[in-house]
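An overview of the molecular structure
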Amino acid sequence: MAMLKSRMKRLDHAREQAAMRLADVETSLLSLDNEDLLDIADIFRSQPMSVIGQIVLAEMRKRHISL
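It should be emphasised that the depicted structure is a prediction, and the values quoted were computed from it without experimental measurement. (Residues numbered from 1 in each chain as written. Predicted model: local features only at pLDDT ≥ 70, side-chain atom pairs only at ≥ 80, totals over all residues. Heavy atoms only, no water.)

Take helix α3 (residues 51-63) next. Compared with the 18 Å implied by 1.5 Å per residue over 13 residues, the 18 Å span of α3 between its first and last C-alpha is a close match. If you check which residues of α3 are buried, you get Gly53, Ile55, Val56, Glu59 and Met60. The arc that holds every buried residue of α3, seen down its axis, measures 165 degrees, which confines them to one face. For α3, the exposed residues lying more than 90 degrees away from the buried face are Arg61 and Lys62. (Helix = DSSP H or I, 4+ residues; strand = E, 2+ residues; numbered from the N terminus. Expected span 1.5 Å × (residues − 1). Buried < 20%, exposed > 50% of the residue type's maximum accessible area, 1.4 Å probe, protein only. Arc of directions from axis to C-beta.)

Below is the structure:
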């Protein structure tokens, strides 16, 4: 039982770390200027359903810019 609790704690910590990293990536993408955001969008054009692609496309819509 103690091993299960220890494993669950490790998994919870790993999830928290992953969520924090994703939030950091999103913050970094949102802070880009329009030109750099468009560069990223161009890079991920072939993968619009990727997490980065979705974040960038949403931000482009918000800023009313397009490729």
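For the rest of this paragraph, the subject is the confidence of the model for the protein. This prediction gives the protein a mean pLDDT of 94; 100% of its residues lie at or above 70. In the model of the protein, helix α1 (residues 2-30) stands out as the element of lowest mean pLDDT, 93, in contrast to helix α2 (residues 34-43), which has the highest, 97. (pLDDT = per-residue confidence, 0-100.)

Here His64, not a glycine, exhibits a phi torsion of approximately 60 degrees, which is positive. In this fold, His64 is placed in the segment after α3.

A few words on the side chain of Glu59. By the secondary structure assignment, Glu59 is in helix α3. Since its relative accessible area comes to 8%, Glu59 is described here as buried. Apart from the residues within four sequence positions on either side, Glu59 is in contact with Leu30 and Leu37. (Contact = heavy atoms within 4.5 Å.)

A word on the packing of α2 against α3. Axis angle and axis distance: for two packed helices, these are the angle between their axes and the distance between the axes, and together they describe the pair. Close contact between α2 and α3 brings their axes to 9 Å; oriented N to C, the two are set at 140 degrees. What the angle tells us is that α2 and α3 run oblique. Here α2 runs over α3; the crossing is left-handed. Taking contact as the criterion, the partners of Asn34, Leu37, Leu38, Ile40 and Ala41 in α2 are, on α3, Ile52, Val56, Glu59, Met60 and Arg63. Among the residues making up the contact of α2 with α3, the classes are represented as seven nonpolar, one polar and two charged. (Axes fitted to C-alpha atoms, helices over the stretch in contact; angles between N-to-C directions. Parallel < 35°, antiparallel > 145°, perpendicular 65-115°, else oblique. Left-handed = near helix turned anticlockwise from the far one by under 90°. Nonpolar A, V, L, I, M, F, W, Y, C, P; charged D, E, K, R; others polar.)

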